[in-house]
Amino acid sequence: MASLNKVLLQTPATFLIARRFRGKINIQKPKKPHFEKQLLIDITQPTYGPPKSSLPQYAFCNKDKPTFTKKEIDNPFERILARECLEWFNTSKMVVFLHLNSINMEDKTPIFAALKKNDMHLRTYGKKIVSMATTGTRYEVVNQLFTSHQNVIFGQPKNAQKMFKILKKAPQLVVMAGIIEDRLMSKNELVEYSNLPNLEMARSQLCSVLQSAGSCLVSQLNQNQQTLVSHLEKHIEIQSAPEKNKEES
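Cut-offs used in this document
Residues numbered from 1 in each chain as written. Predicted model: local features only at pLDDT ≥ 70, side-chain atom pairs only at ≥ 80, totals over all residues. Heavy atoms only, no water. UniProt positions renumbered as here; feature names shortened; annotations may be inferred. Buried < 20%, exposed > 50% of the residue type's maximum accessible area, 1.4 Å probe, protein only. Helix = DSSP H or I, 4+ residues; strand = E, 2+ residues; numbered from the N terminus. Pairing = 2+ DSSP bridges. Contact = heavy atoms within 4.5 Å. Salt bridge = Lys/Arg side-chain N within 4 Å of Asp/Glu carboxyl O.

- Where an unreviewed UniProt entry is consulted, the chain appears under the name Large ribosomal subunit protein uL10m, with the organism given as Pieris brassicae.
- Recorded in UniProt under Sequence similarities (unreviewed entry), the annotation for the chain is "Belongs to the universal ribosomal protein uL10 family."
- For the chain, the Subunit (unreviewed entry) comment in UniProt is given as "Component of the mitochondrial ribosome large subunit (39S) which comprises a 16S rRNA and about 50 distinct proteins."

Rendered as structure tokens:
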């Protein structure tokens, strides 16, 4: 047993055992805290106002209460984004505003690439950035379309039909409105505009209409002359008929 005690480590026996209280805690008459603790208790003591039931009605009116406005911090990066956004508005003849539903990046990336391939650019801007960019310009009315971050497509009007074909693959991107040639249009007007023919076809149709109108006018002007000529020829035939009969007889 003695050899076993030498091999194993023995736990030292403590002579003193620390106790917080030697006796029971007096709950009814507790001991007063020391000065620093009492000072901390007095400082952190909450203060409550009078109950609302005892206040008059005019005390609940908050018109005269001062309203504290949050001080806005000038962010240089936001000014850079606002300048970029305004440049997109000024250089693009077609601006389409989209409402974005829940969509993951795997579904959004092919749409972004297809728009980029057809010379259209999908950008995401917040309400504050668009407000900084369009305030005081002719595009200020578009601030009503922004509640938070919105997706905007910048491009040219000739690609409107391609844009709708691409957006059919992503129903999460919903067209709300758009600006084409400085004119604000609804979704139905944008769809109607996209179904219009291109400029060359419209010119050919206009030329055919003008040509048909000119030929119709010429035929109407020559109708009386042709009628008079036909009547004169018939009159000459009638007069020459008896003379031919006499010669034959």
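Past the structure itself, the notes keep going.
## Some points on the pairing of strand 4 (residues 173–180)
Consideration 1: Most of strand 4 is tucked away: six of the eight residues are buried.
Consideration 2: Pairing of strand 1 (residues 94–100) with strand 4, which is carried by seven bridges, proceeds in the antiparallel orientation. Bridge pairing in strand 4 places Val96 opposite Gly178.
Consideration 3: When strand 4 meets strand 5 (residues 183–186), the two strands line up antiparallel, connected through four bridges. When the bridges of strand 5 are listed, Ile179 appears paired with Leu184.
Consideration 4: With antiparallel pairing between neighbouring strands as the criterion, strand 4 and strand 5 make up a hairpin whose turn holds two residues, including Glu181 at a positive phi of roughly 55°.

## Remarks on the side chain of Asn151
Consideration 1: For Asn151, the position within the fold is in strand 3 (residues 150–155).
Consideration 2: Using a relative accessible area of 2% as the deciding quantity, one classes Asn151 as buried.
Consideration 3: Not counting the four nearest positions on each side in its chain, Asn151 is found in contact with Val96, Phe97, Leu98, Leu100, Lys108, Leu122, Arg123, Thr124 and Leu173.

## Comments concerning the pattern of salt bridges
Consideration 1: Counted according to the given criterion, the structure contains three salt bridges.
Consideration 2: Between Arg79 and Asp74 there is a salt bridge whose closest N-O contact spans 3.0 Å.
Consideration 3: Residue classification places Asp74 among the exposed residues on the basis of a relative accessible area of 56%.
Consideration 4: With a closest N to O distance of 3.1 Å, Glu78 and Lys128 form a salt bridge. Here Glu78 is found in helix 3 (residues 76–91), whereas its partner Lys128 is found in helix 5 (residues 127–134), with 50 residues between them in sequence.

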